[in-house]
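Structural features, examined
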There are 2 protein chains.
Amino acid sequence: MFFMGARGPQPSLSVAKIVAAAIEVLDAGDAVSVRAVAARLDVRPNTIYTYLPDKAALDSAVADRLLELANPDVLTGRRSWRRRVGDYAVAVRTVLLERPGAIALFHSAPMNGPAALTVGERLLDAFAHAGLPDENASRAAYAVMTYALGAVALSDADSDSEPERAARLAGIPADAFPRSARTAPVAATWNGEEQFRWGLARLLDGLVSR
Amino acid sequence: MFFMGARGPQPSLSVAKIVAAAIEVLDAGDAVSVRAVAARLDVRPNTIYTYLPDKAALDSAVADRLLELANPDVLTGRRSWRRRVGDYAVAVRTVLLERPGAIALFHSAPMNGPAALTVGERLLDAFAHAGLPDENASRAAYAVMTYALGAVALSDADSDSEPERAARLAGIPADAFPRSARTAPVAATWNGEEQFRWGLARLLDGLVSR
DNA sequence: ACCTGAACACCGTTCAAGT
DNA sequence: ACCTGAACACCGTTCAAGT
């Protein structure tokens, strides 16, 4: 009583450990669920709620960790602003595509964690080096994240196998959709990294064009 | 037997009716689920599987219908390619933002339905009018859809109320994140239509800049 | 303060059965 | 051919209870 000694049980968990377990779940190819994360921690599902208010908070924390796994350090250094922004965008795409189910987390997760803040600050710095005034740099930073996350969402959605996609595109009627039929070989590569880099380069061109 | 007369029961359902019911579910503010759609049709959940192979097929059909609800006709006519593309992109954004839960459908739905095909063909036509050769027009069309869907996904994710977002942004420490703190007022509008149009205009600038 | 047992209201999906 | 009853393996979340 004098020392207020009753410290209670030592907590065996923490938000960091929960997030790490969620990343393991993702790496195993499964979707992040409260129950799957709890199982990996050898704990009952409702234990998670001692540390996080709800599933959205879990998603948010995991999403922020994924932005960190993409290595925001490539946004720093003395390389050109274009390389810095481009390399990080490609890294985010890779990190998310390697983990099916990762992009879904961003649906319920506003990008407001510490990693998102760091990424945002460094994007602003890069666009300042590109010559953009504050307001445009802010809008540009958001536009880049919009493009990157949109690309992952669309790629993830297309679960068709290579031959399935080829067959579908080959089946486009040339009389009703001549341009689509003619460009089917390009559309077959829409989910590839080359298309991602092409669109990103054009976006960056446009962002600094005034 | 002569007339092969046993036609069996008249089907009371169809894929079109199921999709219409799913849109009603979305309009009511609920997420599309097999069970919610079935309930609206006064039918048991497993009945849906007589018409569609799985949930992904339902999502795909509903997603295509949403692209149609955005009115692809604005992509035609003798207005400038920029207005055509811009108006449709804004319409897609509006249609999806008006229905929380709509953007989630695009996760499991490759854009391969009839409306997606029509939209694709008309985007190719618009970019041809902008002077792009076939391959670049194809890549440009996909980049625009990438940007539009990414913007909706990010807007939808940010469920913070106005004051919550303002408080969060005001709390950014100016010493560690000077640029973010300075541009917080702009970041507060990232989910608005003005930001969407700004980024889209820059993307279109970049797409036709060569 | 931390963790659990039990329960609730949801999911998508299957399979055998009825008409 | 179309629809259902019943069941299975999942979800997120709550609440009272145990330590």
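Notes on the structure follow.

Rules used in this analysis
- Residues numbered from 1 in each chain as written.
- Chains lettered and ligands numbered in written order.
- Predicted model: local features only at pLDDT ≥ 70, side-chain atom pairs only at ≥ 80, totals over all residues.
- Heavy atoms only, no water.
- Helix = DSSP H or I, 4+ residues; strand = E, 2+ residues; numbered from the N terminus.
- Rg over C-alpha atoms; globule rule 2.2 N^0.38 Å.
- Buried < 20%, exposed > 50% of the residue type's maximum accessible area, 1.4 Å probe, protein only.
- Areas by Shrake-Rupley, 256 points an atom, 1.4 Å probe, with all protein chains shown as cover.
- Near = heavy atom within 4 Å.
- Polar contact = N/O pair within 3.5 Å; in protein donor to acceptor, adjacent residues only side chain to side chain.
- Nonpolar A, V, L, I, M, F, W, Y, C, P; charged D, E, K, R; others polar.
- Expected span 1.5 Å × (residues − 1).
- Core = buried A, V, L, I, M, F, W, Y, C linked by side-chain atoms within 4.5 Å.
- Contact = heavy atoms within 4.5 Å.
- Buried area = accessible area lost by both parts, 1.4 Å probe.
- Salt bridge = Lys/Arg side-chain N within 4 Å of Asp/Glu carboxyl O.
- Axes fitted to C-alpha atoms, helices over the stretch in contact; angles between N-to-C directions.
- Parallel < 35°, antiparallel > 145°, perpendicular 65-115°, else oblique.
- Least-squares fit on C-alpha atoms with pLDDT ≥ 70 in both.
- Phe/Tyr/Trp six-rings, centres within 6.5 Å; stacked < 30°, edge-to-face > 60°.

What chain A contains, in helices and strands, is 11 helices and zero strands. Counting from the amino terminus, helix and strand elements in chain A follow one another as α-α-α-α-α-α-α-α-α-α-α. At 21 Å, chain A has a C-alpha radius of gyration far larger than the 17 Å of a compact globule built from 210 residues. Looking at chain A as a whole, 47% of its 210 residues are labelled buried. Summed over its atoms, the accessible surface of chain A is roughly 10000 Å², and 55% of this surface lies on carbon and sulfur atoms.

Let us now look at the protein's contact with DNA strand C. Inspection of the region around DNA strand C gives 16 residues, with Ser12(A), Asn46(A), Thr47(A), Tyr51(A) and Arg35(B) positioned closest. Here a base nitrogen of DNA strand C and a side-chain polar atom of Arg35(B) are 2.6 Å apart. Within the contact set of DNA strand C, a phosphate oxygen lies 2.7 Å away from a backbone nitrogen or oxygen of Lys55(B). Counted by class, the surface near DNA strand C contains six nonpolar, six polar and four charged residues.

Attention now goes to helix α3 (residues 55-69) of chain B. Residues and elements named next belong to chain B. Compared with the 21 Å implied by 1.5 Å per residue over 15 residues, the 21 Å span of α3 between its first and last C-alpha is a close match. Within α3, the full set of buried residues consists of Ala57, Leu58, Asp59, Ser60, Val62, Ala63, Asp64, Leu66 and Leu67. Positive backbone phi, approximately 65°, marks asparagine 71, located one or two places after α3.

A few words now on the protein's contact with DNA strand D. As a structural note, the neighbourhood of DNA strand D is formed by 16 residues, with Tyr49(A), Ser12(B), Asn46(B), Thr47(B) and Tyr51(B) the closest of them. Sugar and phosphate atoms constitute 54% of the interface atoms of DNA strand D, taking the interface as everything within 4 Å of the protein. In the environment of DNA strand D, a base nitrogen lies 2.6 Å from a nitrogen or oxygen atom belonging to the side chain of Arg35(A). Taking Tyr49(A), its side chain carries an N or O atom lying 2.6 Å from a phosphate oxygen of DNA strand D. Its residues assigned to classes, the surface near DNA strand D shows six nonpolar, six polar and four charged.

Here we come to the nonpolar core. Counting 129 residues, the largest nonpolar core has Leu66(A), Phe127(A), Leu66(B), Leu96(B) and Phe127(B) as the members making the most contacts within it. What Leu96(B) contacts, discounting residues up to four positions off in sequence, is Leu66(B), Ala102(B), Ile103(B), Phe106(B), Leu149(B) and Val152(B).

This next bit is on the interface of chain B and chain A. Taken together, the contact pairs 61 residues of chain B with 61 residues of chain A. On the chain B side of the interface with chain A, the three residues burying the most area are His107(B), Arg139(B) and Tyr142(B), jointly 15% of the side's total. Our count for the chain B to chain A interface comes out at six salt bridges. In this structure, Glu194(B) and Arg139(A) form a salt bridge, with 3.6 Å as the shortest nitrogen-oxygen distance. Across the chain B-chain A interface, the total number found is 15 residue pairs in polar contact (both at pLDDT 80 or more). Mapped onto the side of chain B that touches chain A, the elements with two or more residues apiece are α5 (102-105), α6 (114-129), α7 (134-157), α9 (178-182), α10 (184-187) and α11 (193-207) of chain B.

All names here are of chain A. Look at helix α1 (residues 15-27) against helix α3 (residues 55-69): their axes get within 10 Å of each other, and the N-to-C directions meet at 75°. Taken together, the axis directions place α1 and α3 in an arrangement best described as roughly perpendicular. On α3, the residues touching Ile18, Val19, Ala22, Ile23 and Leu26 of α1 are Leu58, Ala61, Val62, Arg65, Leu66 and Leu69. Tallied by class, the residues present in the contact of α1 with α3 amount to 10 nonpolar, no polar and one charged.

Relative to chain A, chain B is turned by 180° and slid 0.0 Å along the rotation axis, the superposed coordinates differing by an RMSD of 0.0 Å. The transformation just described matches what one would write down for a two-fold rotation axis. Comparing interface residues between copies, 100% of those in chain B also sit at the interface in chain A, which points to an isologous, same-surface contact.

So, on to the packing of aromatic side chains. Within this structure, the stated rule accounts for six aromatic pairs over all chains. Arranged with centres 4.7 Å apart and planes meeting at 20°, the rings of Tyr142(A) and Trp190(B) form a pair that is stacked. With Tyr142(A) in helix α7 (residues 134-157) and Trp190(B) in the loop between α10 and α11, this pair bridges two chains. Overall, the relative accessible area of 9% leaves Tyr142(A) in the buried class.

With that settled, consider the pattern of salt bridges. Side chains that differ in charge, positive against negative, can pair when their charged atoms come close. Residues and elements named next belong to chain A. Per the counting criterion, the structure on display carries 36 salt bridges over all chains. We note a salt bridge from aspartate 27 to arginine 99, for which the minimum N-O separation is 2.7 Å. With a gap of 72 residues between them, aspartate 27 in helix α1 and arginine 99 in the loop between α4 (81-97) and α5 (102-105) connect regions that are remote in the sequence. By relative accessible area, which is 12% here, arginine 99 ends up buried. Among the ionic contacts, a cluster of salt bridges with common partners joins Asp27, Glu98 and Arg99.

Turning to unusual backbone geometry, a few remarks are in order. Residues and elements named next belong to chain B. Backbone geometry at aspartate 42 places phi at a positive 55°, although glycine is not the residue there. With respect to the secondary-structure elements, aspartate 42 resides in the loop between α2 (34-40) and α3. Residue classification places aspartate 42 among the exposed residues on the basis of a relative accessible area of 67%.

Here the focus is the environment of Ser12(B). Residue and element names in this part refer to chain B. On the secondary structure map, serine 12 appears in the segment before α1 (15-27). With a relative accessible area of 54%, serine 12 lands in the exposed category. As for serine 12 and serine 161, which are separated by 149 residues in sequence, their C-alpha atoms are 43 Å apart. Beyond its immediate stretch of four places on either side in the chain, serine 12 contacts Lys17 and Tyr51.

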